[in-house]
Amino acid sequence: MALERTFSIIKPDATKRNLTGAIVKKFEDAGLRVVASKRIHLTMAQAGEFYKVHAERPFYGELCEFMASAPIVAQVLEGENAIAKNREVMGATNPADAAAGTIRAEFAESVGENSVHGSDAPETAAEEIAYFFSGLELVG
Ligand code: ADP
């Protein structure tokens with residue numbers, strides 16, 4: 001299979017607890033390569049735009065406040081089957097349901113403050129990468 005790229009966020013609960021390196025190690029151990037990375041502090045408007053697909057959900061306001069509460073690390077990960085592989089390494093949305101050894105099982109604090117985001121399909125991966133990075137910033 002050809003190399004694929006996916007978009008990842010290390011969320012505020014994890015950056016606050018100094019878990020960036022531990023989470024990147026999980027990606028690298030799974031065969032994913034970091035081809036772009038930046039630490040940024042989202043505004044409420046930027047967080048709202050990123051998660052606009054959830055705008056009608058009851059947790060949308062809380063989610064945007066959380067995402068704008070501290071820095072995040074936005075990354076592009078590359079590898080074979082990267083989108084599915086990243087979702088596997090992340091674990092289920094709710095850490096209570098996440099398989100042992102996954103990022104969310106080990107690090108997430110709750111269903112909302114769950115340490116990582118990862119694209120769920122090729123179309124969203126392309127959109128999310130383009131929202132955060134220019135082509136010049138992707139270095140394979
Ligand atoms: P995933 O991040 O696993 O793709 P979703 O797309 O369903 O999950 O949700 C996006 C994000 O919204 C989750 O990662 C989590 O931070 C937050 N979220 C999802 N469900 C809830 C909930 N029931 N309560 C609070 N926050 C939630």
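Calculation criteria
- Residues numbered from 1 in each chain as written.
- Predicted model: local features only at pLDDT ≥ 70, side-chain atom pairs only at ≥ 80, totals over all residues.
- Heavy atoms only, no water.
- Salt bridge = Lys/Arg side-chain N within 4 Å of Asp/Glu carboxyl O.
- Helix = DSSP H or I, 4+ residues; strand = E, 2+ residues; numbered from the N terminus.
- Pairing = 2+ DSSP bridges.
- Axes fitted to C-alpha atoms, helices over the stretch in contact; angles between N-to-C directions.
- Contact = heavy atoms within 4.5 Å.
- Buried < 20%, exposed > 50% of the residue type's maximum accessible area, 1.4 Å probe, protein only.
- Arc of directions from axis to C-beta.

Enquirer: What's the story with the pattern of salt bridges in this structure? I'm lost.
Expert: Any two side chains of opposite charge can pair, on the condition that their charged atoms come close. Across all of its chains, the model carries seven salt bridges by this definition. Ionic pairing is found between Lys38 and Glu137, a salt bridge with its closest N-O pair at 3.4 Å. You can see Lys38 sitting in strand β2 (residues 33-40) and its partner Glu137 sitting in the segment after α7 (122-132), a full 99 residues away along the chain. Glu49 is the partner of Lys52 in a salt bridge, and the nearest nitrogen-oxygen pair spans 2.9 Å. What you see here is one network of salt bridges that share partners, running through Asp13, Arg17 and Glu109.

Enquirer: How should I be thinking about unusual backbone geometry in this particular structure?
Expert: In most cases, non-glycine residues show a negative phi, while peptide bonds are predominantly trans. For Asn18, which is not glycine, the phi dihedral falls at a positive 60°. Structurally, the position occupied by Asn18 is in the loop between α1 (12-16) and α2 (20-29). In this structure, Ser115 takes a positive phi of about 70° despite not being glycine. Within the secondary structure layout, Ser115 lies in the loop between α6 (103-107) and β4 (116-118).

Enquirer: Help me understand the sheet that holds strand β1 (residues 3-10) in this model?
Expert: Note on sheets: strands pair through backbone hydrogen bonds, and any given pair is parallel or antiparallel. Pairing is antiparallel across the open sheet formed by four strands, whose spatial order is β2-β3-β1-β4. Among the strands making up the open sheet, the edge pair consists of β2 and β4. Across the sheet, the mean angle from the axis of one strand to that of its neighbour is 20°, orientation sign disregarded. The pairing of β1 with β4 spans three bridges and is antiparallel. The partner of Ile9 across the bridge, within β4, is His117. Sheet contacts for helix α5 (residues 82-90): β1, β3 (72-80) and β4; angle to β1, the most-contacted strand, approximately 35°.

Enquirer: Can you walk me through α5 in this structure?
Expert: Side chains that are three or four residues apart share a direction in an α-helix, a result of its 3.6 residues per turn. Listing the buried residues of α5 in full gives Ala82, Ile83, Asn86, Val89 and Met90. Taken down its axis, α5 places every buried residue within 130° of arc, on the same side. Just beyond α5, the residue with positive phi is Gly91, at close to 90°.

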